[in-house]
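Examining the three-dimensional arrangement
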Amino acid sequence: MRIACPLCGERDRREFYYKGAALVRPAAGAGLDAWHEYVNLRENPAGPLDELWYHEMGCNSWLKVTRDTATHEILAVQLAAEAGLGGEP
Amino acid sequence: MRFSGWRVLKEGLTGNKGWTPHWRDPEPRTEYDVVIIGGGGHGLATAYYLAKEHGITNVAVLEKGYLGGGNVGRNTTIVRANYYLPGNSEFYSHSLKLWEGMEQDLNYNAMMSQRGILNLYHNDGQRDAAVRRGNAIINQGDDAELLSRDQVRELAPFLNFDNNRFPIMGGLMQRRAGTARHDAVAWGYARGADMRGVDLIQNCEVTGIDVENGKVVGVQTARGPIRARKVALAAAGRSGQVAAMAGLTLPIESHVLQAFVSEGLKPIVDHVITFAEGHLYISQSDKGGLVFGSYLDFYSSYAARGNLPMVEHTMESFVAMVPAVSKARLLRSWGGIMDMTPDGSPIIDHSPIDGLYLNCGWCYGGFKATPGSGHVYAHLIATDRPHGAATKLKLDRFRSGHGLMDEEGTGAQHNLH
């Protein structure tokens, strides 16, 4: 599996650290349910999934990677900073 | 049909014409007391204990493929109870005791082999952890022995004792642990459940779960709708998708775990051996193949195959631990889909829907749990109370943060287990 880092180009999977589903962060004051959902609950699809990968042995960027969990095909890669995952401050 | 030495002799002398199928192939009825989704080890064991322990025989096990064709058919067959953390510890202790009586109970040869598991340690910190774990195991009533380097060398002289990075200092041995024939475990439970009246329905994918007014009333299947008073999930890696049919989102990510078998070799590995630094575990099958594996691939996957980086890591660890096998050829490898929870421990609990039960989150340790899982799950389904050995395997521990069972101490976070 190779991931096309927007800054470094296509790199081996071993350069990246996997964090899990890329979810929009709830507001700091959001209730327990919203945070429980964000931290623990997962849609867990067999198909395209938005994930966070960290280019640990490259440019140190966090990436939002859309990957098919059934075929391992990488469908899209975007800098997480530009993906709007931070949510409300 | 009961198996016995006399029966084997008789069949041998009469052309083996008297053997019959081990279970019926019934048409699904329109209604059951309990429908179990998933005909793997846990689902079949649950059906067996529902019938045997609780007299509930109006039960169907629905399997989308064939019985035992999921993770119970693709694992490394290790059975053990060397856990440390309360919650897991008593559960696996319960499960190991059931393993020990299972073959007699089922009248089925599951090739249960208590060859012992040896967890090697390589530094002072790991030795201290092994001592602490060993004491905890002894306190829960199971067996553990701390072995010195020389004692380990006597048992397993083929290990690499002079590895500069990971010298073997000793090991923690549990002699009652071992391996069992994974397919036969599924078949034994299937036969036992069938003999007690449970309908085992194969090629019957569940496509919907019917819920009315917060209560489960049945399931939709590829072979028509089936009404049920209680519906019990036992779908392992597909738990997330099955639960989604009832509108539930579980704290589960499905990941792939690879395992490998070498070509058949003469007997060299007499025990199950784990190598702490590389998280490698090996045993030798009765056919002679070395069965081994290491980490998850560590990303969500429904592909029943892995990727090469973990293959490479596993081979490196294996050769570092047992240099003599470096010329052995790899026969095959496979991947199983693991239902990973954030804390690496399972869930056996009610769901928020009345009459719908959850048995999931076995992570990479479902096989050794098979009898225990079935036994305590049947208890929960029959009595609506958790069994004493499974009081901590609760769904709400993730929401509340109380009672998280992070056995490895790596943190209760999805990508760490």
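Summary of the structure given here. Here the structure is a predicted model, which is why all the values come from computation and not from measurement. (Residues numbered from 1 in each chain as written. Chains lettered and ligands numbered in written order. Predicted model: local features only at pLDDT ≥ 70, side-chain atom pairs only at ≥ 80, totals over all residues. Heavy atoms only, no water.)

1. Things to note about the pairing of strand β12 (residues 253-264) of chain B
Residue and element names in this part refer to chain B. The test is simple: Working definition: with a 1.4 Å probe on protein chains only, accessible area under 20% of the residue-type maximum means buried, over 50% means exposed, and in between means partly exposed. Secondary structure counts use DSSP, requiring at least four H or I residues in a row for a helix and at least two E residues in a row for a strand, with both numbered from the N terminus. Each pair of strands is called paired provided DSSP finds at least two bridges between the two strands.
The buried fraction of β12 amounts to 10 of the 12 residues, a majority that puts the element mostly inside the structure. Across 6 bridges, β12 lies against strand β15 (residues 289-300) in antiparallel orientation. Following the sheet pairing, His255 is matched in β15 by Ser300.

2. Some words on a nonpolar patch on the surface
Basically, it comes down to this: In this analysis, a patch consists of residues with relative accessible area above 30% that form no salt bridge, clustered at 9 Å for like charges and at 5 Å for the nonpolar side chains Val, Leu, Ile, Met, Phe, Trp and Tyr. Computed with a 1.4 Å probe, the accessible areas rest on the Shrake-Rupley method; for each residue, only the protein chains presented here act as cover. Just to be clear on terms, a salt bridge is a Lys or Arg side-chain nitrogen sitting within 4 Å of an Asp or Glu carboxyl oxygen.
Judged by side-chain polarity, Trp6, Leu9 and Leu13 of chain B come together as a nonpolar surface patch covering roughly 410 Å² of accessible area. Relative to the assigned elements, Trp6 of chain B resides in helix α1 (residues 5-13).

3. A word on the interface of chain B and chain A
Put simply, the test is: Note on definitions: a residue-residue contact is assigned when non-hydrogen atoms from the two residues lie within 4.5 Å. Using a 1.4 Å probe, buried area is obtained as the accessible area two parts lose upon being combined, added over both of them. As used in this structure description, the phrase polar contact means that two N or O atoms lie within 3.5 Å; if the pair is within protein, one of them must be able to donate a hydrogen and the other to accept it, and residues adjacent in sequence are counted only when both atoms belong to side chains. For this scheme, ten residues count as nonpolar: Ala, Val, Leu, Ile, Met, Phe, Trp, Tyr, Cys and Pro. Four count as charged, namely Asp, Glu, Lys and Arg, and the remainder, Gly too, count as polar.
Counting from both sides, the interface comprises 28 residues of chain B and, opposite them, 27 residues of chain A. Interface of chain B and chain A: buried area, both sides summed, is about 2,300 Å²; carbon and sulfur atoms make up 47% of it. Area buried by chain B at its contact with chain A is led by Tyr299, Tyr302 and Arg399 of chain B, which between them contribute 26% of it. Viewed at the interface, chain A and chain B are joined by 3 salt bridges. One salt bridge connects Arg399 of chain B with Asp33 of chain A, and the closest N-O pair in it is separated by 2.4 Å. Linking chain B with chain A are 17 residue pairs in polar contact (both at pLDDT 80 or more). Contributions of two or more residues to the side of chain B that touches chain A are made by α7 (239-244), β12, β15, α8 (308-321) and α10 (397-400) of chain B. The greatest single-element share of the side of chain B that touches chain A, amounting to 4 residues, is contributed by β15 of chain B. Here the residues of the side of chain B that touches chain A sort into 11 nonpolar, 11 polar and 6 charged.

4. Re helix α9 (residues 366-383) of chain B
All names here are of chain B. Basically, it comes down to this: What is called the bend at a residue is the angle between a pair of axes, fitted to the seven residues leading up to and ending at it and to the seven starting from it.
Along its length, α9 shows its largest kink, about 40 degrees, at Gly372. Burial of α9 is extensive: 16 of the 18 residues sit out of reach of the surface. Note on α9: the residue one or two positions beyond its end, Asp384, has a positive phi of about 65 degrees.

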